[in-house]
Amino acid sequence: MNSGKDIFILGIESSCDETAAAVVKNGREVLSNVISSQIDVHTKFGGVVPEIASRKHIENIDWVIDKALADAEMDFNRLDAIAVTYGPGLVGALLVGLSEAKALAYAINKPLVGVNHIEGHICANYIADRNFEPPYVALVVSGGHSHLLYVEDYGKYRILGRTRDDAAGEAYDKVARAIGMGYPGGPKIDAAAKLGNPHAIEFPRVFLDDGSLDFSFSGLKSAVLNYLNKEKMLNREVNANDVAASFQKAVVEVLSQKTIAAARLMGVSKVAMAGGVSANSALRAEMEKLCGENGFSLNVPPPVYCTDNAAMIGSAGYYEFILGARGGLDLNANPNLKLGER
Ligand code: KG4
Ligand code: ZN
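Residues numbered from 1 in each chain as written. Chains lettered and ligands numbered in written order. Predicted model: local features only at pLDDT ≥ 70, side-chain atom pairs only at ≥ 80, totals over all residues. Heavy atoms only, no water.

Asker: Before we go on, may I ask you to explain the sheet that holds strand E2 (residues 18–25) in this structure?
Answerer: Strand pairing in a sheet relies on backbone hydrogen bonds. The paired strands run either parallel or antiparallel. On the basis of which strands lie adjacent, the open sheet formed by 5 strands has the order E3-E2-E1-E4-E5 and mixed pairing. What marks the edges here is a single partner per strand, and that holds for strand E3 (29–37) and strand E5 (112–116). Sheet twist, expressed as the mean angle between neighbouring strand axes with direction ignored, is 20 degrees. Running over the sheet, helix H3 (residues 91–108) touches strand E1 (8–13), strand E4 (81–87) and E5 and is turned about 155 degrees from E4. Lying over the sheet, helix H11 (residues 311–322) contacts E1, E2, E3, E4 and E5, oriented at roughly 125 degrees with respect to E1. (Pairing = 2+ DSSP bridges. Helix = DSSP H or I, 4+ residues; strand = E, 2+ residues; numbered from the N terminus. Axes fitted to C-alpha atoms, helices over the stretch in contact; angles between N-to-C directions. Contact = heavy atoms within 4.5 Å.)

Asker: Honestly, the site of ligand 1 in this entry has me stumped. Any pointers?
Answerer: Lining the immediate environment of ligand 1, one finds 20 residues, of which Gly143, Asp173, Gly186, Asp190 and Asn280 sit closest. Within the backbone of Gly169, a nitrogen or oxygen atom sits 3.1 Å from an oxygen atom of ligand 1. Asp308 places a main-chain nitrogen or oxygen 3.0 Å from an oxygen atom of ligand 1. For ligand 1, the accessible surface in isolation is 560 Å², of which the surrounding protein chains cover 89%. Most atoms of ligand 1, that is more than half of them, are within 2 Å of grid points of the largest pocket. When residues of the shell around ligand 1 are traced back to their parent elements, those giving at least two are helix H4 (117–128), helix H5 (168–178) and helix H6 (185–193). Here the residues of the shell around ligand 1 sort into 5 nonpolar, 12 polar and 3 charged. (Near = heavy atom within 4 Å. Polar contact = N/O pair within 3.5 Å; in protein donor to acceptor, adjacent residues only side chain to side chain. Areas by Shrake-Rupley, 256 points an atom, 1.4 Å probe, with all protein chains shown as cover. 1 Å grid on protein atoms, 1.4 Å probe; cavity = no way out; pocket = protein on both sides within 12 Å on 5 of 7 lines; lining within 4 Å. Sits in = over half its atoms within 2 Å of the grid points. Nonpolar A, V, L, I, M, F, W, Y, C, P; charged D, E, K, R; others polar.)

Asker: Teacher, can you tell me more about the pattern of salt bridges here?
Answerer: Working definition: two side chains of opposite charge can pair if their charged atoms are close together. Per the stated rule, a full pass over the model turns up 18 salt bridges. Between Lys174 and Glu170 there is a salt bridge whose closest N-O contact spans 3.1 Å. Linking Lys174 with Glu170, this pair stays in helix H5, spanning 4 residues, or about one helical turn. Judged by relative accessible area, which is 35%, Lys174 ranks as partly exposed. Assessed through its relative accessible area of 25%, Glu170 is described here as partly exposed. One salt-bridge network, in which partners are shared between bridges, spans Asp166, Glu170, Lys174 and Lys221. (Salt bridge = Lys/Arg side-chain N within 4 Å of Asp/Glu carboxyl O. Buried < 20%, exposed > 50% of the residue type's maximum accessible area, 1.4 Å probe, protein only.)

Asker: Would you take a moment to explain unusual backbone geometry for this structure?
Answerer: Glycine aside, residues mostly have negative phi, and peptide bonds are mostly found in the trans state. The amide bond that connects Gly87 to the next residue, Pro88, takes the cis arrangement and shows omega of -15 degrees. Structurally, Pro88 can be placed in the loop between E4 and H3. Residue Pro184 follows Tyr183 across a cis peptide bond; omega there is -10 degrees. Note that Pro184 resides in the loop between H5 and H6. Its identity as a non-glycine residue notwithstanding, Glu73 has a phi of 50 degrees, on the positive side.

Asker: Please clarify how the side chain of Asp80 should be interpreted in this entry.
Answerer: In this structure, Asp80 sits in the loop between helix H2 (50–71) and E4. Accessibility expressed as a relative area gives 15% for Asp80, which makes it buried. Side-chain polar atoms of Asp80 contact the side chain of Lys5, separated by 2.6 Å. In this structure the side chain of Asp80 is engaged in a polar contact, spanning 2.7 Å, whose partner is the backbone nitrogen of Phe8. Leaving out residues up to four positions away in the same chain, Asp80 has contacts with Lys5, Asp6, Ile7, Phe8, Pro111 and Phe321.

Asker: Explain the nonpolar core here, please?
Answerer: If you look at soluble globular proteins, the nonpolar side chains tend to sit buried side by side. Core analysis: the biggest nonpolar cluster contains 50 residues, and Val137, Phe203, Phe247, Leu255 and Leu283 have the highest contact counts within it. Secondary structure elements with two or more residues in this core: strand E6 (136–141), strand E7 (146–153), H5, H6, helix H7 (218–233), helix H8 (240–266), strand E9 (270–274) and helix H9 (281–294). Residue contributions to this core peak at 13 residues, all from H8. Setting aside its immediate chain neighbours within four residues, Phe203 contacts Leu220, Ala223, Val224, Tyr227, Val243, Ser246, Phe247 and Ala250. Listed in part, the 34 residues of the second largest apolar core include Ile122, Ala138, Ala310 and Tyr318. (Core = buried A, V, L, I, M, F, W, Y, C linked by side-chain atoms within 4.5 Å.)

Don't take any of this as a statement about function, it's just geometry.
This is the structure we're talking about:
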């Protein structure tokens, strides 16, 4: 898409519990990718504490950006723009990255580009495979979002389905907490499920009304909690690995089957995955299998680009930048920002 001069974008991400900065060339080539995770701090509380997240972002944002520039052997003058996540996410956390980006853009007199965090997750696919292009169907599953999207072109999205209650990652985190595995639950359940029997407990698969591409995970989460309570009342020992494997099987079946249905409906040849839950080994394996059987190619970023990072923001920022998007110094954080909304 870029025929002339190379474009270098500094991406900044602070929407949840990762402080991250990256330098990305032409939307596809990652020159540096620095992530400072706060997981250790929040683990003690069993989940992300927003006020602590904001304070940690303030402590870390400067050195994270300095390191991203140093790793890329880049100085401010050579940057073409600064791209920053301005929503959705935790408002206090978002404000740290956004304020930093605005101050930098003003100080070095470079354009500012506001990026939607979900769009960032989707663009991780352009980093993973430099030849990957729209149109395609994308399954975006993270701690806060579960979406099925038709990506018609760069920056052009149609929502085909979304969660009506809990996001897939949220369900993972809540179930992990209930079986004593701690935060973040996704990677822990992923590992435990490998040791368990996915057929041990028959948890519900919620497909909703016929043809719906929406998701609902709160019923599944309740079914797991009910099962745990019942076993406790009956004084029976719970096999946490079996619960993890059975829960995961139910989630993976619904996510993968709905994604295939969406791809068929839209008549695309390509399917992509994005967001923290797409790092899940069982989901990746099942999607690989179903896409193969149904003649779709599958694109999935490596796990480091599935969970929160700033390289994906640098990539999304590039496509927004070349489409002419610019943020003013009055750009505000929007914790409920919707895809396609400005
Ligand atoms: O995309 P992300 O890093 O942050 C948000 O934008 O929310 O996603 C975080 C979510 C958490 O709920 C975490 O438990 C889940 O992604 N996750 C996983 C795995 N790795 C992270 N879920 C299932 N399996 C994994 N391997
Ligand atoms: Zn995310």
